Amino acid sequence: MSKKPLFSIIAPIYNEIGNLDELYRRVSETMKKSGGDWELLLVDDGSSDGSTERMRELAKKDKHVKPVIFARNFGHQIAVTAGLDYASGDAVIIIDSDLQDPPEVMLDLIAHWREGYEVVYAVRETRKGESWFKLFTAKAFYRLINRLTSIKIPVDTGDFRLMDRRVVEVLNTMREHHRFLRGMSAWVGFRQTGVKYHRAARLSGETHYPVRKMMRLALTAITGFSFAPLQFATYLGFISAGISIIAIPVVVALRLAGSQAFYGQASALIAVLFFGGVQLISLGILGEYIGRLYDEVRGRPLYIVREAPKSAKQVHK
Ligand code: UDP
Ligand code: MG
């Protein structure tokens, strides 16, 4: 490449006042060594702790910093999506703003991009400062996704990754509301590779991903890439219908033979409860898909921007 490449770094910010300065410092130190131009897109996802003002100050001091400020909190995946829409780089890097993803690793990602890979994702070799519960559920989650879905999502990777312009262009045309970016970027294809890194503990503040949000993201991943839960209802239906067809002659024969088995209401009650449960679960699964379908059909905008610098044009809407 004759011209210096432009790197866009996207960092979603949700109440990260204790991390912003250090993030900016380490990103700019690292990018000085990258041999390219760079822009740091700070997407403010409805912060209320003064992060917004701090972002504006940083942008005033350094033209590399470009704050995109949301009208309210839209969630991590949507904030990153906005970053992708505004990024104009030849390569785009997504990074957490709590410094769990060390900015220095970006140089590794860039080196692999220069070798010709279009997606370079960072694989967590170790994770610091996480509860055993988070580690366990995360491990189980990645393995479940790989079993249920046909696309191969690399195990133990987060959103920390570099994507070539061509991949970002494709992602920008995928306007689904319920987004699982790791899956989407795997789905796109191209030449992909992983780089191992050690995930640090959060510098300041607390996680914004409580169990409830983790479950939501897991559901988004499963429903976004698989029909397995819908088929699960079909299997359950066939199994229980099969059992009852076999059970009918057995019960009739036992009763004719004068057996005391299956007298009374208890057995009937258990059967009714069991099938009631199965039906409600199946309805719930249907509801999950229908709700998501409804969100897509309404076609509301993915996010609302209150303020964005002129220097960061929205490449995609
Ligand atoms: N984040 C966001 N919106 C949200 C929640 C989180 O933009 O509603 C950002 C947050 O500021 C951070 C990144 O997403 O940069 C990852 O969040 P967090 O560190 O809380 O998640 P964890 O690393 O614990 O999974
Ligand atoms: Mg974090």
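Report on the accompanying structure. (Residues numbered from 1 in each chain as written. Chains lettered and ligands numbered in written order. Predicted model: local features only at pLDDT ≥ 70, side-chain atom pairs only at ≥ 80, totals over all residues. Heavy atoms only, no water.)

By size, the foremost hydrophobic cluster in this structure holds 40 residues, and its most contacted members are Phe 70, Leu 84, Met 163 and Tyr 303. Broken down by element, this core gets its largest block of residues, six residues, from helix 3 (residues 76–86). Apart from residues lying up to four places away in sequence, Met 163 is in contact with Leu 84, Ala 91, Val 92, Ile 94, Glu 118, Val 119, Val 168, Leu 171 and Ser 185. Listed in part, the 32 residues of the second largest apolar core include Tyr 24, Val 27, Met 55 and Ala 122. (Core = buried A, V, L, I, M, F, W, Y, C linked by side-chain atoms within 4.5 Å. Buried < 20%, exposed > 50% of the residue type's maximum accessible area, 1.4 Å probe, protein only. Helix = DSSP H or I, 4+ residues; strand = E, 2+ residues; numbered from the N terminus. Contact = heavy atoms within 4.5 Å.)

A few words on the pattern of salt bridges. With the rule as written, the count across this model stands at 20 salt bridges. The salt bridge partner of Glu 39 is Lys 66, with a shortest N-O separation of 2.7 Å. Taken together, the positions of Glu 39 in strand 2 (residues 37–44) and Lys 66 in strand 3 (residues 65–70) put the pair 27 residues apart, joining distant regions of the chain. Accessibility classification places Glu 39 together with Lys 66 in one group, the buried group. As a salt-bridge pair, Asp 159 and Arg 182 come within 3.2 Å of each other at their nearest N and O atoms. Of this pair, Asp 159 sits in strand 6 (residues 157–164) while Arg 182 sits in helix 7 (residues 181–188), placing them 23 residues apart in sequence. Residues participating in the shared-partner salt-bridge network are Glu 16, Asp 98 and Arg 202. (Salt bridge = Lys/Arg side-chain N within 4 Å of Asp/Glu carboxyl O.)

Looking now at the environment of Ser 131. In this fold, Ser 131 is placed in the loop between strand 5 (119–127) and helix 5 (132–148). The partly exposed category is assigned to Ser 131, whose relative accessible area is 41%. Sequence separation of Ser 131 and Ser 8 is 123 residues, and the distance between their C-alpha atoms is 32 Å.

Here we come to the packing of aromatic side chains. Counted according to the given criterion, the structure contains eight aromatic pairs. When the ring of Trp 132 is compared with that of Phe 133, the centres are 6.1 Å apart and the planes differ by 85°; the resulting orientation is edge-to-face. Judged by relative accessible area, Phe 133 falls into the partly exposed class, the value being 36%. Here the aromatic rings of Phe 141 and Phe 180 are separated by 6.0 Å at their centres, their planes lie at 85°, and the arrangement is edge-to-face. With a gap of 39 residues between them, Phe 141 in helix 5 and Phe 180 in the loop between helix 6 (165–173) and helix 7 connect regions that are remote in the sequence. Note on Phe 141: relative accessible area 13%, which makes it buried. Each member of the aromatic cluster is reached from another via a ring pair, and the members are Phe 70, Phe 74 and Tyr 303. Directly above the ring of Phe 74 sits Arg 72, whose terminal nitrogen or CZ lies 3.8 Å from the centroid. (Phe/Tyr/Trp six-rings, centres within 6.5 Å; stacked < 30°, edge-to-face > 60°. Lys NZ or Arg CZ within 6 Å of the ring centre and 35° of its normal.)

Let us look at the coordination of the magnesium ion (ligand 2). Note on the magnesium ion (ligand 2): its protein donors are Asp 98 (OD) and Gln 100 (OE1). The metal-donor distances range over 1.9 to 2.0 Å. Asp 98 gets classed as buried once you look at its relative accessible area, which sits at 4%. (Donors = N, O, S within 2.8 Å, 3.2 Å for Na, K, Ca; no water.)

Neighbouring residues of ligand 1: 19 residues in total, closest Glu 16, Asp 45, Asp 98, Thr 207 and His 208. Taking Asp 98, its side chain carries an N or O atom lying 2.6 Å from an oxygen atom of ligand 1. Between ligand 1 and His 208 there is a distance of 2.5 Å, counted from an oxygen atom to a backbone nitrogen or oxygen. For the shell around ligand 1, the per-class residue count stands at four nonpolar, seven polar and eight charged. (Near = heavy atom within 4 Å. Polar contact = N/O pair within 3.5 Å; in protein donor to acceptor, adjacent residues only side chain to side chain. Nonpolar A, V, L, I, M, F, W, Y, C, P; charged D, E, K, R; others polar.)

Attention now moves to the side chain of Asn 146. Mapping Asn 146 onto the fold places it in helix 5. Not counting residues within four places of it along the chain, the set of residues in contact with Asn 146 comprises Ile 151, Lys 152, Ile 153 and Val 155.

What is shown is where atoms sit, not what they do.
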